[in-house]
Amino acid sequence: MEERGVSVDHSSINQWAIRFLPLVEKMARKHKRPVGGSWRMDETYIKVKGVWKCIYRAVDKEGKTVDFLLTAKRDMAAAKRFFDKAMGANGDPDKVAMDKSGANKATIDAIDAGRDVQIMVRQVKYLNNIVEQDHRAIKRITRPMLNFKSFRAAGSVLAGIELMHMIHKNQCAIDGVDTRSFADQFYALAGMVRPV
């Protein structure tokens, strides 16, 4: 901004990020490329107001981001919300590799209870190396931030970080989209009138 001769306070940029990053991430999800059927799922933690909060994350076997969810606790209800969100956006997986977490396994068992085709669960530690390494990209950006002040702000900023990470991994097929219509969608979602 300073290169363009505009002086903006960092708190203004923070407020813009909290307001607009979820909207941009929502629009970009429409252009996300499909992921594979073999998922690697794991949790990592970030601090919000000095308290550790859980981020559920999943990638496919090629390392492409499936989905993420920031939750206050690591329990069966949170794992169920994560799987509902991930499966709603990406379809059902054939296989899920995870750690020895009882809550995650119990969640998959509950999902499988009403299905004809079961999701194969593999609790093999080395299979999760892909998602463990993928956490580093998120941690590298969030570590210097010195904590988040609110849960909403953390969710918004993480949505933007995950989106940038997906773009970096070439998961968004925005090349064929008219950038003007993309901008129109953004302004419509934000409830703003686009400048002419």
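Residues numbered from 1 in each chain as written. Predicted model: local features only at pLDDT ≥ 70, side-chain atom pairs only at ≥ 80, totals over all residues. Heavy atoms only, no water.

So, on to the sheet that holds strand E1 (residues 38-48). Judged by pairing direction, the sheet is mixed, and its five strands sit side by side in the order E3-E2-E1-E4-E5 without closing on themselves. Sheet topology places strand E3 (65-71) and strand E5 (120-122) at the edges, where each strand pairs with a single neighbour. Each neighbouring strand pair of the sheet contributes to a mean axis angle of 25 degrees, computed without reference to strand direction. As defined by bridge partners, E1 adjoins strand E2 (residues 51-60) across ten bridges and the pair is classed as antiparallel. The residue of E2 that forms the bridge with Trp 39 is Asp 60. Contacts from helix H2 (residues 76-90) reach E1, E2, E3 and strand E4 (95-97) within the one sheet, and its direction differs from that of E3 by about 150 degrees. Helix H5 (residues 151-168) rests against E1, E2 and E3 of the sheet, and its axis sits at about 170 degrees to E3. (Pairing = 2+ DSSP bridges. Helix = DSSP H or I, 4+ residues; strand = E, 2+ residues; numbered from the N terminus. Axes fitted to C-alpha atoms, helices over the stretch in contact; angles between N-to-C directions. Contact = heavy atoms within 4.5 Å.)

This part is about the nonpolar core. General note: in soluble globular proteins, nonpolar side chains tend to be found buried as a group. In this structure, Trp 39, Met 41, Tyr 56, Phe 82, Phe 83 and Val 96 are the most contacted members of the largest nonpolar core, which totals 19 residues. Elements represented by at least two residues in this core include exactly E1, E2, E3, H2 and helix H3 (102-112). The dominant element in this core, judged by the number of residues it contributes, is H2, at six residues. Those residues within four positions of Phe 82 in sequence are excluded, and the remaining contacts are Met 41, Tyr 56, Arg 57, Ala 58, Asp 67, Phe 68 and Leu 69. (Core = buried A, V, L, I, M, F, W, Y, C linked by side-chain atoms within 4.5 Å. Buried < 20%, exposed > 50% of the residue type's maximum accessible area, 1.4 Å probe, protein only.)

On to the pairing of E3, then. Side-chain direction in a regular strand flips from residue to residue, so the side chains alternate between the two faces of the sheet. Summarising burial for E3: seven of the seven residues are buried, a large majority. In this structure, E2 lies alongside E3, joined through six bridges in antiparallel fashion. Bridged to Val 59 within E3 is Thr 65. Following E2, the chain reverses through four residues before pairing antiparallel with E3; Gly 63 in that reversal takes a positive phi of roughly 95 degrees.

Right, let's talk about the packing of helix H4 (residues 129-142) against H5 for a bit. For any two helices packed against each other, one specifies the inter-axial angle together with the distance between the axes. Interhelical geometry of H4 versus H5 gives an angle of 130 degrees and a closest axis separation of 11 Å. Considering the angle they form, H4 stands oblique to H5. As H4 packs across H5, the resulting crossing turns out to be right-handed. Of the residues in H5, those touching H4 at Asp 134, Ala 137, Ile 138, Ile 141 and Thr 142 are Leu 158, Ile 161, Glu 162 and His 165. The residue inventory of the contact of H4 with H5, partitioned by class, reads five nonpolar, two polar and two charged. (Parallel < 35°, antiparallel > 145°, perpendicular 65-115°, else oblique. Left-handed = near helix turned anticlockwise from the far one by under 90°. Nonpolar A, V, L, I, M, F, W, Y, C, P; charged D, E, K, R; others polar.)

The buried fraction of E1 amounts to nine of the eleven residues, a majority that puts the element mostly inside the structure. Both E1 and E4 contribute to a ladder of three bridges, which runs parallel. By the bridge assignment, Trp 39 is partnered in E4 with Val 96. In this antiparallel pair of consecutive strands, E1 and E2, the connection spans two residues, and Lys 49 shows a positive phi of 55 degrees.

Evaluation of the coordinates by the stated rule reveals two aromatic pairs. Aromatic pair Tyr 56 and Phe 82: ring centres 5.8 Å apart, planes at 25 degrees, arrangement stacked. Residue Tyr 56 is located in strand E2, and its partner Phe 82 is located in helix H2; the two are separated by 26 residues in the primary sequence. On the basis of relative accessible area, Tyr 56 is assigned to the buried category, the value being 0%. Three or more aromatic residues joined by ring pairs form one cluster here, namely Tyr 56, Phe 82 and Phe 83. Positioned above the aromatic ring of Phe 68 is the side chain of Lys 85, whose terminal nitrogen or guanidinium carbon lies 4.5 Å from the ring centre. (Phe/Tyr/Trp six-rings, centres within 6.5 Å; stacked < 30°, edge-to-face > 60°. Lys NZ or Arg CZ within 6 Å of the ring centre and 35° of its normal.)

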